[in-house]
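Next come the chains, spelled out residue by residue.
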Amino acid sequence: MTTKNKSDEKPPAAVQALLRAIPKVDEFLGWLVDVDDVPEVLVKNTVRGLLDQMRQAILAGAGISKSDLAKDALLPRFHKMLRAKLRPNFRTVINGTGVVVHTNLGRSLLPAAAMDSLLAVGARYSNLEFNLATGKRGSRYSLVEELLCELTGAEAALVVNNNAAAVMLVLETLAQGREVIVSRGQLVEIGGSFRIPDVMAKSGATLVEVGATNRTHLRDYENAITDETALLLKVHTSNYRMIGFTSEVPLPELVALGAEHNLPVMEDLGSGCLIDLSRFGLEKEPTVGEVIKAGVDVVTFSGDKLLGGPQAGLILGKKEIIDRIKKNPMNRALRIDKFTLAGLESVLRLYYDEEKALAEIPTLAMLAMPLEVIDRRARRLMRRIKKRLAEFCLVELATIDSRVGGGAMPEQSLVSRAVALQPKGCSVNELEAALRGLAVPVIGRIENERLLLDLRTVSDQEVSQLAECLLAVFEGEIL
Ligand SMILES: *Cc1c(COP(=O)(O)O)cnc(C)c1O
């Protein structure tokens, strides 16, 4: 490597000649013919960006020649850059990872009924905060409170921006300036910097850790109770599992202890499912209804994990406690918008009929999906691509494990079917990057030098599009 080109050194003559050969912005603009419907500022910025790129490449000694700076070499590069600029930054992708509740890819997909209500309230006025019975100002929360209570048996409910906000709001309301007792085994970090001890500190409550990492007993909580105690907190260890010599205090025992000492008990349930999914071979998780029935004072969970709705934090529990939380001024800063409400109400209504919920809520449908259905999809994809890709790539069916995701059931394996690609002319990492760079990006996962596309998380409607994407990447020589 050379380390010439100090700032006081003039570039050599050859470099200067190349720099002079870069067209001026106005000259370049004169070359353009078919950009009338593109905003001028985008065109100009793209031209400047491209010319600057060329300048940097020349200065970096990247082997640029005069012909690279000619009109017929620069124009295609300009159009490629402009196309990328015109593409929305936020767009849809094909999720071939097999992670159903994929936090980075948008978590839960909304059912069609929810999409209809989103469209309706987005484009038209609504009774968001208007009580149609009295003609007076209403509360947005009341639109889903009754539904939530009916579905779970809770006395009252409130919905905020997400579960992190829900936990923060409950702690701030019930325990600011006082102590909250939590088991050491439940001081979890849920990705994206949500850590129970940090949230506790921000809410102004003091964390009192009890028990050992692997085992906490009822007497540990009991011994920690003082005049300063405000709350007993149980946290779902969503994304990790302890095995071996472990024990947690079951919720009913914690509730009994709370009652004895006149202390409220809270559970942060994380995923919060309304339906018992164990009949589909998934791990038995307590449903929200069971947690309420066990007598918890307040429970929080996400709207977009196993519930399968929009991003939201649901807070359910005893009326007296929920009323206090509703009055907390912080609540106003954490409130949900009309789209969330519309989506959430539609999703919750589907739960009145469990079978309907399982069929129509995509998150639940994907988790409960029989292997035959996934297998059929995988074979459909194979038929579309196998022959045409034969010269570029080894294409096979593979049996793999999907994941629930969203920090739920970390040890759960869901047998699934994937199409596995082993490219011949490039590395599997290059293939992965090329698929990610498509107009409709395809996200898969790499395992043992193969790119796996799990068909559990690719809908029937997306299979053809996925085939087109794969063909484009190989046959279009995008690689
Ligand atoms: C996911 C999770 C959270 C955070 O929920 P968000 O809706 O992502 O804010 C909090 N606690 C637990 C136990 C979780 O699993």
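Residues numbered from 1 in each chain as written. Predicted model: local features only at pLDDT ≥ 70, side-chain atom pairs only at ≥ 80, totals over all residues. Heavy atoms only, no water.

Caption draft 1: Examining the overall build of the protein chain more closely. Of the regular secondary structure elements, the protein chain holds 19 helices and 14 strands. Along the first, second and third principal axes, the C-alpha set of the protein chain runs to 85 × 55 × 55 Å. Each of the 479 residues in the protein chain was classed as buried or not, and the buried ones make up 47%. Across the protein chain, every contact between residues at least 6 apart in sequence was considered, and the portion connecting residues at least 24 apart equals 74%. Entry remark: accessible area of the protein chain is about 24100 Å², with carbon and sulfur atoms responsible for 51%. (Helix = DSSP H or I, 4+ residues; strand = E, 2+ residues; numbered from the N terminus. Buried < 20%, exposed > 50% of the residue type's maximum accessible area, 1.4 Å probe, protein only. Contact = heavy atoms within 4.5 Å. Areas by Shrake-Rupley, 256 points an atom, 1.4 Å probe, with all protein chains shown as cover.)

Caption draft 2: Local environment of the site of the ligand. Neighbouring the ligand are the residues Arg107, Asn162, Asn163, Ala164, Ile190, Phe194, His236, Ser238, Asp268, Gly270, Ser302 and Lys305. The separation between an oxygen atom of the ligand and a polar main-chain atom of Asn163 is 3.0 Å. Between Asp268 and the ligand, the recorded distance is 2.6 Å, taken from a side-chain N or O atom to a nitrogen atom. With the chains in place, 94% of the 380 Å² that the ligand exposes on its own is no longer accessible. Going through the elements one at a time, α7 (163-175) and β7 (265-270) are the ones with two or more residues in the shell around the ligand. Of the residues belonging to the shell around the ligand, the class tally is three nonpolar, six polar and three charged. (Near = heavy atom within 4 Å. Polar contact = N/O pair within 3.5 Å; in protein donor to acceptor, adjacent residues only side chain to side chain. Nonpolar A, V, L, I, M, F, W, Y, C, P; charged D, E, K, R; others polar.)

Caption draft 3: Just empty space enclosed by the protein, in detail. As enumerated under the stated definition, the model contains two cavities of 30 Å³ or more in all. Estimates place the volume of the largest cavity at around 90 Å³. Along the walls of the largest cavity sit His236, Ser238, Leu269, Ser271, Gly272, Cys273, Glu285, Pro286, Leu306, Gly407, Ala408 and Met409, which together make up its complete lining. When grouped by side-chain class, the residues that make up the lining of the largest cavity number six nonpolar, five polar and one charged. Here the second largest cavity is characterised by a volume of approximately 40 Å³. In terms of lining, the second largest cavity is formed by Cys273, Ile275, Asp276, Leu277, Glu283, Glu285, Thr287 and Met409. When the residues that make up the lining of the second largest cavity are grouped by side-chain class, the tally is four nonpolar, one polar and three charged. (1 Å grid on protein atoms, 1.4 Å probe; cavity = no way out; pocket = protein on both sides within 12 Å on 5 of 7 lines; lining within 4 Å. Points joined across faces, edges and corners; volume = space filled by probe spheres on them.)

Caption draft 4: Summary view of the pairing of strand β10 (residues 393-405). Two strands pair when backbone bridges link them, and strand β2 (residues 99-101) and β10 are joined in this way by two bridges, in the parallel orientation. Paired with Val101 across the two strands is Gly405, which belongs to β10. Across ten bridges, the pairing between β10 and strand β11 (residues 414-423) is antiparallel. For Cys393, the partnering residue across the bridge sits in β11 and is Pro423. (Pairing = 2+ DSSP bridges.)

Caption draft 5: The nonpolar core, seen in detail. The biggest cluster of nonpolar side chains holds 90 residues, and the ones touching the most others in it are Leu316, Ile385 and Leu421. Broken down by element, the residue count for this core peaks at eight residues, all from helix α19 (residues 462-475). Counting contributing residues, this core receives three or more from each of domain 2 (94-103 + 367-475) and domain 3 (110-360). Beyond its immediate sequence surroundings of up to four residues, Leu421 is in contact with Ile385, Cys393, Leu394, Val395, Val428, Leu431, Arg450, Leu451, Leu453 and Leu470. Judged by nonpolar contacts, the second largest core, of 31 residues, contains Leu158, Val167, Met200 and Ala230. (Core = buried A, V, L, I, M, F, W, Y, C linked by side-chain atoms within 4.5 Å. Domains from an automatic or database assignment.)

Caption draft 6: Region of interest: the pattern of salt bridges. Scanning the model with the defined rule gives 29 salt bridges in all. Arg241 serves as the salt-bridge partner of Glu283, at 2.5 Å between the closest nitrogen and oxygen. With Glu283 in the loop between β7 and α11 (288-293) and Arg241 in the loop between β6 (229-235) and α10 (251-260), this pair connects stretches of sequence that are 42 residues apart. Residue Glu283 is classed as partly exposed on the basis of its relative accessible area, which comes to 22%. (Salt bridge = Lys/Arg side-chain N within 4 Å of Asp/Glu carboxyl O.)

Caption draft 7: Geometry of unusual backbone geometry. At Asn448, a position not held by glycine, the phi torsion is positive, near 50°. Along the polypeptide, Asn448 turns up in the loop between β13 (445-447) and β14 (450-454). For Asn448, a relative accessible area of 72% puts it in the exposed group. Non-glycine residue Glu449 carries a positive phi angle of around 65°. Classification of Glu449 by relative accessible area gives exposed; the value is 55%.

Caption draft 8: Structural view of the packing of aromatic side chains. For the structure on display, the rule yields three aromatic pairs. Residues Phe28 and Phe78 carry aromatic rings whose centres are separated by 5.6 Å and whose planes lie at 55° to one another, so their mutual orientation is tilted. Here Phe28, found in helix α2 (residues 25-31), pairs with Phe78, found in helix α4 (residues 71-86); they are 50 residues apart in sequence, far enough to count as distant. Aromatic side chains Phe392 and Phe474 sit 5.8 Å apart centroid to centroid with 25° between the ring planes, which places their arrangement in the stacked category. Of this pair, Phe392 sits in the loop between α17 (371-389) and β10 while Phe474 sits in helix α19, and the two are 82 residues apart along the sequence. Residue classification places Phe392 among the partly exposed residues on the basis of a relative accessible area of 23%. In textbook terms, an aromatic cluster arises when at least three aromatic residues are bridged by ring pairs, as seen for Phe28, Trp31 and Phe78. Above the ring of Phe245, the side-chain terminus of Arg215 is found at 3.8 Å from the ring centroid. (Phe/Tyr/Trp six-rings, centres within 6.5 Å; stacked < 30°, edge-to-face > 60°. Lys NZ or Arg CZ within 6 Å of the ring centre and 35° of its normal.)

Caption draft 9: Region of interest: the layout of surface pockets. Quantified by volume, the largest pocket comes out at close to 1100 Å³. If you go around the largest pocket, you meet 37 residues; those closest to its centre are Leu105, Gly106, Ser108, Leu109 and Leu110. Within the residue set of the lining of the largest pocket, elements represented by two or more residues are β1 (94-95), β2, α15 (354-360), α16 (362-367) and α19. Broken down by element, the lining of the largest pocket gets its largest block of residues, four residues, from α16. Classifying every residue of the lining of the largest pocket by side-chain character gives 17 nonpolar, 13 polar and seven charged. Both of domain 2 (94-103 + 367-475) and domain 3 (110-360) provide at least three residues apiece to the lining of the largest pocket.

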